[in-house]
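Chain residues, written in single-letter form:
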Amino acid sequence: MAAEIRSRSPRGPVLLTKIPGHREQVSAASLIPREDGVITASEDRTLRVWLKRDSGQYWPSIYHTMSSPCTALRYHHESRKIFVGQDSGAIVEFLISEDFNKMNFVKTYPAHQNRVTEVIYSPGSQWVISTGHDKYLVWMCTQSLAVVGRHGFNSWASCLQYDEDTKYAFVGDFSGQINLLKLENGSCTVISTLKGHEGSISCLYWDPIQRYLFSGSSDHSIILWDIGGRQGRTLILQGHHDKVQGLTYVQLTRQLVSCSADGGICVWNMDIDREEAPQWLESDSCQKCSQPFFWNIKQMWDTRTMGLRQHHCRKCGQAVCGKCSTKRSSYPIMGFEFQVRVCDSCYETIKDDDRTSLATFHEGKHSICYMTMDVSRGLMVTCGTDRLIKIWDMTPAVGCSLATGFSPR
């Protein structure tokens, strides 16, 4: 049921295996640490554990049919617990055997009234934390099944990250906001609301060491939120042409790996001093030639001129007209990997070296709807709308080898 395939580019991700078999889209997957195996959850209502056999093919050692489509998955290797979120709103816990050939039902958590979008297990607090289409974040006790706390949003919660030490939860929602919450027994405190995306939040990744939060959105962009550094510092990365569906930060090499719905796999160099994109300035007239914009009725009347459409220079943030921003340029230091509008004066300041890409781009060859990595081994798994699961060796793409930190597979 699997084929061994190698990608053409020696410097890009190496496609090790692709696994067919699911009848509907695969919602989530988890690589099994220190094992040649992967756990998958699908809209076809099946939870499967795939192990690599001596033949080199992956076969399902466990094939379990759920009562409702599987929409989220979390595997905790130390306790061997699997948590599966369902379209019905329930979360089901299983305990898997040491040889990964048997799985026992433990309990069902009645967490949500609608589709579960993300589930996280906190062993320190003994909580199962989840988000759903019912616009709630819920954390429940794994011992008593009691709801410890619940917090509602104006839009349905689409993705979730959690910091075990501080008990901070990061919740992205369909409106494009990210809510930073401090979870407690019975209640939570809203710490901050992060706004910057123009589309819904599709994925989040939290790095507790650097205290970076990365967010991907349907607006095709990625934002780095420096939670532990300078207050309010944000970096925008634009290199995808479709919805960003997966993010992982590789601390060892200071690189960010992202995947999108157009099949793009991007590796970003974050080990440099990047520039923040400027805030867009507001003006009633072009800040270069002083011509009025079309809503500036008074100036149009006084000068007997037609109003112009407003644009913004991506480098300086000034409000400019089309005649003063005829140029396009990439500017990777600010995160713009493809050409964007810049004013003519800023264009003159951009040198050829400034256009050198700070990311590498690779083709996943399927529309990626989910991605996760086992950073310790340099392995990545992608799930596509084609119902395929692909396992990649990412060590050539991130420029790292076993000698510098990745463990043997």
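Per an unreviewed UniProt entry, the chain carries the name FYVE-type domain-containing protein and comes from Hymenochirus boettgeri. Note on the chain: under the UniProt heading Subcellular location (unreviewed entry), the record states "Early endosome".

Chemist: Help me understand the overall build of the chain, please; the structure alone is not making it clear to me.
Modeler: For the chain, the helix and strand inventory stands at 3 helices and 33 strands. Against the globule reference of 22 Å for 409 residues, the chain gives a C-alpha radius of gyration of 23 Å, in line with a compact fold. Each of the three principal axes of the chain carries a C-alpha extent, and together these read 80 × 50 × 35 Å. Counting only residues that meet the buried cut, the chain has 54% of its 409 residues in that class. Counting only contacts in the chain whose residues sit at least 6 apart along the sequence, the fraction spanning at least 24 positions is 46%.

Chemist: Would you explain the sheet that holds strand E11 (residues 116-122) in this entry?
Modeler: Sheets are built from strands paired through backbone hydrogen bonds, the pairs being either parallel or antiparallel. Read across the sheet, 4 strands follow the order E11-E12-E13-E14 without closing on themselves; strand pairing throughout is antiparallel. Edge positions in the sheet fall to E11 and strand E14 (147-152), since each of these pairs with one other strand and no more. Direction aside, neighbouring strands of the sheet carry axes that sit 15° apart on average.

Chemist: Explanation requested: the packing of aromatic side chains in the structure shown.
Modeler: The description of an aromatic ring pair rests on the distance of the ring centres and on the angle between the ring planes. Inspection of the entire model under this criterion finds 9 aromatic pairs. Here the aromatic residues Phe83, Tyr109 and Tyr121 are joined through ring pairs into a cluster of three or more. Against the face of Tyr136 rests Arg150, its NZ or CZ located 5.4 Å from the ring centre. Sitting over the ring of Tyr347, Lys327 keeps its end group 5.5 Å from the ring centre.

Chemist: Please clarify how the environment of Lys167 should be interpreted in this entry.
Modeler: Position of Lys167 among the secondary structure elements: in the loop between strand E15 (157-163) and strand E16 (168-173). Between the C-alpha atoms of Lys167 and Ser122, which are 45 residues apart in sequence, the distance is 9.3 Å.

Chemist: Explain the UniProt feature "repeat: WD" (unreviewed entry) in the chain to me, please; I cannot follow it from the model alone.
Modeler: Per the UniProt record, "repeat: WD" (unreviewed entry) is annotated on residues 19-50, 194-227 and 237-271. Taken end to end, residues 194-227 is 0% helix and 62% strand, and its two terminal C-alpha atoms sit 10 Å from one another.

Chemist: Could you clarify how one ought to interpret the sheet that holds strand E24 (residues 255-260) in this entry?
Modeler: Reading across from one edge, E23-E24-E25-E30 is the order of the 4 strands in this open sheet, with antiparallel pairing throughout. Where the open sheet ends on each side, the last strands, each with one partner, are strand E23 (244-250) and strand E30 (359-363). Averaged over all neighbouring strand pairs, the angle between strand axes comes to 15°, with direction disregarded. The pairing of strand E25 (residues 264-269) with E30 spans 5 bridges and is classified as antiparallel.

Chemist: Is there a simple way to think about the side chain of Thr71 in this case?
Modeler: Turning to its location among the elements, Thr71 is positioned in strand E7 (residues 70-76). In this structure Thr71 comes out as buried when scored by relative accessible area, which is 8%. Here the side chain of Thr71 touches Val116 through a polar contact of 2.6 Å, landing on its backbone oxygen. What Thr71 contacts, discounting residues up to four positions off in sequence, is Ser27, Glu43, Gly85, Gln86, Asp87, Arg115, Val116 and Thr117.

Chemist: Honestly, unusual backbone geometry in this entry has me stumped. Any pointers?
Modeler: Excluding glycine, residues mostly have negative phi values, and the peptide bonds linking residues are mostly trans. In this structure, Arg34 takes a positive phi of about 60° despite not being glycine. Within the secondary structure layout, Arg34 lies in the loop between strand E3 (26-31) and strand E4 (37-42). Overall, Arg34 belongs to the exposed group, its relative accessible area being 64%. Look at Phe100: it is not a glycine, yet its phi comes out positive at around 60°. Looking at where Phe100 falls in the secondary structure, it is placed in the loop between strand E9 (91-96) and strand E10 (103-109).

Chemist: Can you help me understand the UniProt feature "domain: FYVE-type" (unreviewed entry) in the chain in this one?
Modeler: Under the present numbering, the feature "domain: FYVE-type" (unreviewed entry) in UniProt falls on residues 280-351. The span residues 280-351 carries 18% helix and 22% strand; its end-to-end C-alpha distance comes to 23 Å.

Chemist: I'm lost on the nonpolar core in this one. Help?
Modeler: Nonpolar side chains in soluble globular proteins tend to end up buried together. The biggest cluster of nonpolar side chains holds 19 residues, and the ones touching the most others in it are Ile39, Leu47, Val49, Leu73, Ile82, Val84 and Phe94. Sorting the residues of this core by element identifies E4, strand E5 (46-52), E7, strand E8 (81-86) and E9 as the ones contributing at least two each. Not counting the four nearest positions on each side in its chain, Val84 is found in contact with Leu47, Met66, Cys70, Ala72, Leu73, Ala90, Ile91, Val92 and Phe94. Ranked by size, the runner-up nonpolar core spans 16 residues in total, among them Leu137, Ala157, Tyr162 and Leu183.

Chemist: Explain the side chain of Ser329 here, please?
Modeler: Within the secondary structure layout, Ser329 lies in strand E28 (residues 327-331). A residue is classified by how much of its surface remains accessible, and Ser329, at 0% relative accessible area, is buried. One polar contact links Ser329 to Arg355, side chain to side chain, over a distance of 2.9 Å. Those residues in contact with Ser329 that sit more than four places away from it in its chain are Phe338, Gln339, Val340, Val342, Tyr347, Ile350 and Arg355.

Chemist: Whenever I open this one, the environment of Leu31 confuses me. Can you help?
Modeler: Its location among the elements puts Leu31 in strand E3. For Leu31 and Trp50, which are 19 residues apart along the polypeptide, the C-alpha to C-alpha distance reads 9.6 Å. Dropping the residues within four chain positions of it, Leu31 is found in contact with Gly37, Val38, Met373, Asp374, Arg377, Leu379, Met380, Val381 and Ile391.

Chemist: Whenever I open this one, the pairing of E7 confuses me. Can you help?
Modeler: Counting buried positions over the 7 residues of E7 gives 6, a clear majority of the element. Taken together, the 6 bridges between E7 and E8 define a ladder with antiparallel strand orientation. Residue pairing in the sheet places His76 in a bridge with Lys81 of E8. Hairpin geometry of E7 and E8 is characterised by an intervening segment of 4 residues between the two adjacent antiparallel strands and by a positive phi of about 60° at Arg80.

Calculation notes
- Residues numbered from 1 in each chain as written.
- Predicted model: local features only at pLDDT ≥ 70, side-chain atom pairs only at ≥ 80, totals over all residues.
- Heavy atoms only, no water.
- UniProt positions renumbered as here; feature names shortened; annotations may be inferred.
- Helix = DSSP H or I, 4+ residues; strand = E, 2+ residues; numbered from the N terminus.
- Rg over C-alpha atoms; globule rule 2.2 N^0.38 Å.
- Buried < 20%, exposed > 50% of the residue type's maximum accessible area, 1.4 Å probe, protein only.
- Contact = heavy atoms within 4.5 Å.
- Pairing = 2+ DSSP bridges.
- Axes fitted to C-alpha atoms, helices over the stretch in contact; angles between N-to-C directions.
- Phe/Tyr/Trp six-rings, centres within 6.5 Å; stacked < 30°, edge-to-face > 60°.
- Lys NZ or Arg CZ within 6 Å of the ring centre and 35° of its normal.
- Polar contact = N/O pair within 3.5 Å; in protein donor to acceptor, adjacent residues only side chain to side chain.
- Core = buried A, V, L, I, M, F, W, Y, C linked by side-chain atoms within 4.5 Å.

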